[in-house]
Amino acid sequence: MRFEQLEYLTAVIRHGSLRRAGEHLHVSQSALSEAISTLERELGVPLLERHRSGARVSREGRDLLPLMTEILAGVTQLKAAARDHARTSRAIRVGTVNAGTSVLLVPTVREFGAGHPNTSVDVATMFQPEIEEGLLEGRLDVGLVNIIPGDDLPAALHRTTLLHGTPAVCCRTDDPLAAQARISVDDLRARAFVGMRPGYLMHRLAQRLFGGDPPPETYSADGAEIGKSLVASGTGPAILPDYSIAGDPLEKAGLITMRPLAEEVPPVMMVFLRRRFERVPPAILDFEETIVRLARST
């Protein structure tokens with residue numbers, strides 16, 4: 001049974017003939033008659049009494065008319081509700097560790113917003129465990145986290161790798177360290193150091209590199225963006241993913257630069273996370289497509 005069949009039959013009943021109903025609907029009489037005949041076969045009852053002078057509703061058709069009218073009204077309400085929903089502003093809630101905020105997330109939000117004027121993007125900086133928990137509990141729609149090989153992610157979350165990189169030393173361009181081809185852990189131990197707060201991947205990596213002998217003076221930053229600002233102010237160097245430094249406004253302005261570590265370090269990846277859906281909401285799918293495409297062009 002199709003919606004059009006009920007619409008055709010109701011039009012014939014209201015206008016009193018196939019001809020007038022066809023003129024109203026801009027449908028041929030033969031198409032109307034065939035659609036209604038198919039409906040009669042499906043329902044197993046005659047809906048029209050056909051005569052040479054025309055067609056009129058049968059007794060069974062009159063009995064079913066109130067129900068058909070109710071169904072058609074319901075479909076009309078459904079279409080109106082869908083239009084209202086499409087016009088209603090909604091928000092995509094993003095949790096990020098912010099290592100790729102300036103070079104990836106900001107351009108994504110700008111491009112996505114231009115194509116989705118009724119959808120806003122709410123961005124919150126969080127620790128990785130908070131992002132995973134927010135996604136699993138439905139308080140977040142998507143998340144951006146950094147991982148290294150061996151890190152486990154919840155099986156209920158769909159992951160897409162956005163960026164591949166290497167931890168590097170971020171320092172001021174006029175810092176003596178910037179004159180070195182590579183910077184060792186011992187070089188960093190001799191200086192004030194800008195570290196990340198516990199809960200960030202780069203905090204774990206710094207602990208692994210320094211072991212039980214950290215720099216005597218360490219400043220804690222709540223994420224890469226604040227860390228780069230502290231580096232630019234002359235507080236000290238930091239260890240960050242190279243993709244967080246390259247293309248950053250401070251790097252483009254010539255205030256900060258990066259140098260590789262002399263020690264072997266694991267690769268780092270920025271990963272896009274969302275819950276696994278049987279059907280991904282269109283706005284989230286569009287946001288994912290945008291950030292993946294921009295990541296691949298970075």
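Residues numbered from 1 in each chain as written. Predicted model: local features only at pLDDT ≥ 70, side-chain atom pairs only at ≥ 80, totals over all residues. Heavy atoms only, no water.

Regarding the overall build of the chain
Assigned secondary structure in the chain consists of 12 helices and 12 strands. When contacts within the chain are restricted to residue pairs at least 6 apart in sequence, those whose partners lie at least 24 apart make up 73%. Of the roughly 15,500 Å² of accessible surface on the chain, 53% is carried by carbon and sulfur atoms. (Helix = DSSP H or I, 4+ residues; strand = E, 2+ residues; numbered from the N terminus. Contact = heavy atoms within 4.5 Å. Areas by Shrake-Rupley, 256 points an atom, 1.4 Å probe, with all protein chains shown as cover.)

Remarks on helix H9 (residues 224-232)
Turning to H9, its buried residues number three or more, namely Ala-224, Gly-227, Lys-228, Val-231 and Ala-232. Looking straight down H9, one finds its buried side chains confined to an arc of 135°; they lie on one side. Of the residues trailing H9, Gly-234 is marked for its positive phi of about 95°. (Buried < 20%, exposed > 50% of the residue type's maximum accessible area, 1.4 Å probe, protein only. Arc of directions from axis to C-beta.)

Thoughts on the side chain of Glu-132
Structurally, the position occupied by Glu-132 is in helix H6 (residues 128-137). Look at Glu-132: it is buried, it has no salt bridge, and the nearest opposite charge is Arg-204 at 8.3 Å. In contact with Glu-132, not counting residues within four places along its chain, are Asp-152, Leu-153, Pro-154, Leu-157 and Leu-273. (Lys, Arg positive; Asp, Glu negative; His and termini not counted. Salt bridge = Lys/Arg side-chain N within 4 Å of Asp/Glu carboxyl O.)

Thoughts on the sheet that holds strand E12 (residues 268-275)
Reading across from one edge, E4-E3-E5-E12-E6 is the order of the 5 strands in this open sheet, with mixed pairing throughout. The open sheet terminates on both sides in strands that have one partner only, identified here as strand E4 (119-125) and strand E6 (157-165). On average, each strand axis in the sheet is tilted by 20° relative to the strand beside it, whichever way the strands run. When E6 meets E12, the two strands line up antiparallel, connected through 8 bridges. In the strand pairing of E12, Arg-159 is matched with Leu-273. Set on the sheet, helix H12 (residues 282-297) makes contact with strand E3 (90-96), E4, strand E5 (142-147), E6 and E12; between it and E6 the angle comes to about 20°. (Pairing = 2+ DSSP bridges. Axes fitted to C-alpha atoms, helices over the stretch in contact; angles between N-to-C directions.)

Considerations on the pattern of salt bridges
If you walk through the whole model with that rule in mind, you get 15 salt bridges. Put simply, Asp-174 and Arg-172 hold a salt bridge, and the shortest N to O gap is 2.8 Å. Taking the relative accessible area as the measure of exposure, Arg-172 reaches 25% and is therefore partly exposed. For Arg-293, the salt bridge identified is with Glu-289, shortest N-O distance 3.1 Å. Of this pair, Arg-293 and Glu-289 are both found in helix H12, 4 residues apart, which corresponds to roughly one turn of the helix. Taking relative accessible area as the criterion, Arg-293 reaches 36% and is therefore assigned partly exposed. On the basis of relative accessibility, which here comes to 42%, the residue Glu-289 falls in the partly exposed class.

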